[in-house]
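Examination of the molecular architecture
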Amino acid sequence: MPRELITIQVGQCGNQIGSRFWDLALQEHATYCKSGKFDDPLSSFFRNVDTKYSNPLEIPVGDGSNDIMSLKARAVVVDMEEGVVNGMLKSDIGEIFDQTQFITDVSGAGNNWAHGFHHYGQMYQEELLDKIRRTAEYCDSLQSFFLMHSLGGGTGSGVGTFILSLLEDNFEDVFRFTTCVFPSENDDVVTSPYNSIMSLNQLISHSDCVLPIDNQALMDICHRIEPDKAKGGKKIVGASDRGTSGKIKDGSAITGEGGKKQKAFDKMNNIVAHLLNNLTSSMRFEGSLNVDLNEITMNLVPYPKLHFLVSSLSPLYSIADVKMQPRRLDQIFSDAVSKDFQLLKADPRSSTYLACGLMLR
C-alpha cells in the first residue's frame with residue numbers, strides 16, 4: 001500500500017514550485033486513473049472528501065472502488081505575504097487546497113532570516129503545529145514531510161528552517177525531505193548570502209535529506225531551451241554537442257502550459273516541479289522495483305549530516321514532438337551525469353562519487 005506524503009510549502013518560491021508540482025501531479029494521476037475512482041496512488045498525495053457537509057466527510061480508500069468526490073491536497077501552505085497564495089487559490093487548481101491549512105501574514109519577513117525564524121516562527125509556532133498535526137491525522141501511514149522553500153528570502157529561509165526544527169521535535173519518526181532553492185551569485189537580494197548560510201546550519205541539523213536546487217543552474221537550462229525563433233521550436237540541451245536535432249514543443253512539462261501567459265520564473269519552477277514529480281512516482285505507483293523516499297536516501301546518504309544530494313534530469317524534454325529524433329539509452333545515462341543537465345552548479349566528473357542512484361520512468 002502506498003504511503004502518504006505531506007508537502008509543506010513555505011514562502012513565495014516554495015508556493016510557486018508547489019503550485020506547479022500539484023498541477024503536474026493532477027495531470028499524471030488523471031492519465032493513470034481514468035475510472036474516476038479514489039485509489040491507492042491518489043491517496044499518497046490527496047484526500048477524498050465529501051464537501052456537502054459543513055464539516056467535510058473524509059472518504060477512505062478502502063478497496064479502491066469509491067468514487068472521487070472532491071480531492072484535497074495533503075499540503076500545508078505558509079507565506080508571510082498573501083500575494084502568491086491568493087494567486088494560487090484563484091488558479092485552475094485552487095479548489096484542491098484546503099484553506100483551513102493556510103497560514104499567512106501581510107507584512108512579510110523583509111528578506112531577513114532572523115525575522116522569519118525568531119519572530120514569525122515563534123509567533124505562529126502553535127498554529128503551525130496545529131495545521132501539521134491536523135494534516136497528519138488524516139494519514140493512515142505517513143511516510144514523510146516534503147518541505148519546499150528557498151534560502152534567499154526571509155520567509156522561506158527563516159520560517160522554513162523553523163518548521164524543520166518543529167518537525168524533528170514533534171514528529172521525530174517521520175522522514176523529513178527538503179527541497180531548497182539556493183540564490184544565484186548575482187541575486188538582487190543583498191541579504192541572500194546571510195540567509196543561506198544561517199539556513200544551512202539548520203538544514204544540516206534537522207533535515208534527513210536535502211535536495212538543493214541552484215537558481216543559476218535553472219536559469220542556464222532555461223537559456224538553452226529558449227525558443228529558436230528561426231525554426232519556431234525549442235532547443236534541446238546538448239543537441240549541438242552530440243550531432244542531434246529536435247524541438248521541445250510548447251506546453252511540455254518543461255516549458256509550461258502552451259498558450260497561457262507565463263509569470264516570472266514559471267519555466268524554472270516547471271523544471272523543479274517535474275523533477276520532484278518524477279522523484280515521488282516510485283512511491284505512488286506499483287512496480288516490482290519501486291522504492292520510497294526512505295529507501296532512496298538510505299542508499300545515497302553515507303553519514304547522517306552528509307545528506308545533500310546532487311540532482312539531474314535527462315532528457316530535458318518529457319513531452320516531445322513526435323518528429324523528434326529518439327535519444328539513445330546510453331546517451332541519456334551520459335547526460336544524467338553531465339553538468340549541463342544538473343540542477344546544481346557543480347562538475348561531478350572532477351570529483352568523486354560517494355553514491356549514485358538512477359531512476360527511470
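These figures come from a predicted structure and were not determined experimentally.

Spatially, E6-E5-E1-E7-E8-E9 is the arrangement adopted by the 6 strands of the open sheet, whose pairing is parallel. Each having just a single partner strand, strand E6 (102-104) and strand E9 (209-214) make up the two edges of the open sheet. Here the strands of the sheet are splayed against their neighbours by 15 degrees on average, with no regard to which way each runs. Sheet topology places strand E1 (residues 4-10) next to strand E7 (residues 142-150); 6 bridges connect them, and they run parallel. By the bridge assignment for E7, Ile6 is matched with Phe145.

Taking strand neighbours across the sheet as the criterion, the 3 strands line up as E3-E2-E4 in an open arrangement whose pairing is antiparallel. One side of each edge strand has no neighbouring strand; the edge strands of this open sheet are strand E3 (57-58) and strand E4 (70-73). One ladder, built from 2 bridges, connects strand E2 (residues 46-50) with E3; its direction is antiparallel. Looking across to E3, one finds that Asp50 is bridged to Leu57.

Let us look at helix H7 (residues 192-206). Counted at 1.5 Å a residue, the expected span for H7 with its 15 residues is 21 Å, and the 21 Å between its end C-alpha atoms agrees. Of the residues making up H7, those classed as buried are Ser192, Asn195, Ser196, Ser199, Gln202, Leu203 and His206. Looking at the buried positions of H7, the neighbouring elements they touch are helix H4 (113-123), E7, helix H6 (154-170), strand E8 (175-182) and E9.

With that out of the way, let us pick up the pattern of salt bridges. One pass over the structure, following the stated rule, counts 6 salt bridges. Between Lys345 and Asp220 there is a salt bridge; the shortest N-O distance is 2.9 Å. In this pair, Lys345 sits in the segment after helix H12 (329-336) while Asp220 sits in helix H8 (residues 215-224), placing the two residues 125 residues apart along the sequence. A relative accessible area of 51% means that Lys345 is categorised as exposed. By relative accessible area, which is 17% here, Asp220 ends up buried. By sharing partners, the salt bridges in this structure join Glu168, Arg176 and Asp208 into a single network.

Okay, the environment of Leu151 next. Mapping Leu151 onto the fold places it in the loop between E7 and H6. Separated by 42 residues in sequence, Leu151 and Pro193 have C-alpha atoms that sit 8.6 Å apart. When neighbours within four sequence positions are excluded, Leu151 is seen to be in contact with Ser157, Cys180, Val181, Phe182, Pro183, Ser192, Asn195, Ser196, Ser199 and Leu203.

Quick look at the packing of helix H1 (residues 11-32) against helix H10 (residues 266-284) now. Two numbers describe how H1 lies on H10: the axes approach to 8 Å, and their chain directions differ by 50 degrees. Comparing their axes, H10 and H1 come out oblique. As H1 packs across H10, the resulting crossing turns out to be right-handed. Of H10, the residues touching H1 (which contributes Gln16, Ile17, Arg20, Phe21, Leu24, Ala25, Glu28 and His29) are Asn269, Asn270, Val272, Ala273, His274, Leu276, Asn277, Thr280 and Arg284. Taken together, the residues of the contact of H1 with H10 sort by class into 7 nonpolar, 7 polar and 3 charged.

What follows is about the pairing of E2. Of all the 5 residues making up E2, 5 are buried; the element is thus mostly covered by neighbouring parts of the structure. Residues Phe46, Asn48 and Asp50 of E2 are buried on one face, and the alternating residues Arg47 and Val49, pointing to the opposite face, are buried as well. Examined bridge by bridge, E2 and E4 share 4 bridges and lie antiparallel to one another. Looking across to E4, one finds that Val49 is bridged to Ser70. In this antiparallel pair of consecutive strands, E2 and E3, the connection spans 6 residues.

Together, Leu329, Phe333, Leu358 and Leu360 give the surface a local cluster of nonpolar side chains, amounting to about 400 Å² of exposed area. For Leu360, a relative accessible area of 59% puts it in the exposed group.

As a further point, take the confidence of the model for the protein chain. In the predicted model, the protein chain carries a mean pLDDT of 81, and the fraction of residues at 70 or more is 84%. Looking over the protein chain, one finds the lowest element-wise mean pLDDT in helix H9 (residues 239-242), namely 37, and the highest in strand E5 (residues 75-79), namely 95. Low confidence marks residues 228-255, where pLDDT is under 50. Its contacts with residues over four positions away, or in another chain, come to 70 contacts. Segment residues 318-323: pLDDT under 50, and 6 contacts once partners within four positions in sequence are set aside and those in other chains are kept.

Criteria and cut-off values
Residues numbered from 1 in each chain as written. Predicted model: local features only at pLDDT ≥ 70, side-chain atom pairs only at ≥ 80, totals over all residues. Heavy atoms only, no water. Pairing = 2+ DSSP bridges. Helix = DSSP H or I, 4+ residues; strand = E, 2+ residues; numbered from the N terminus. Axes fitted to C-alpha atoms, helices over the stretch in contact; angles between N-to-C directions. Expected span 1.5 Å × (residues − 1). Buried < 20%, exposed > 50% of the residue type's maximum accessible area, 1.4 Å probe, protein only. Contact = heavy atoms within 4.5 Å. Salt bridge = Lys/Arg side-chain N within 4 Å of Asp/Glu carboxyl O. Parallel < 35°, antiparallel > 145°, perpendicular 65-115°, else oblique. Left-handed = near helix turned anticlockwise from the far one by under 90°. Nonpolar A, V, L, I, M, F, W, Y, C, P; charged D, E, K, R; others polar. Patch = residues over 30% accessible without salt bridge, like charges linked within 9 Å, V, L, I, M, F, W, Y side chains within 5 Å. Areas by Shrake-Rupley, 256 points an atom, 1.4 Å probe, with all protein chains shown as cover. pLDDT = per-residue confidence, 0-100.

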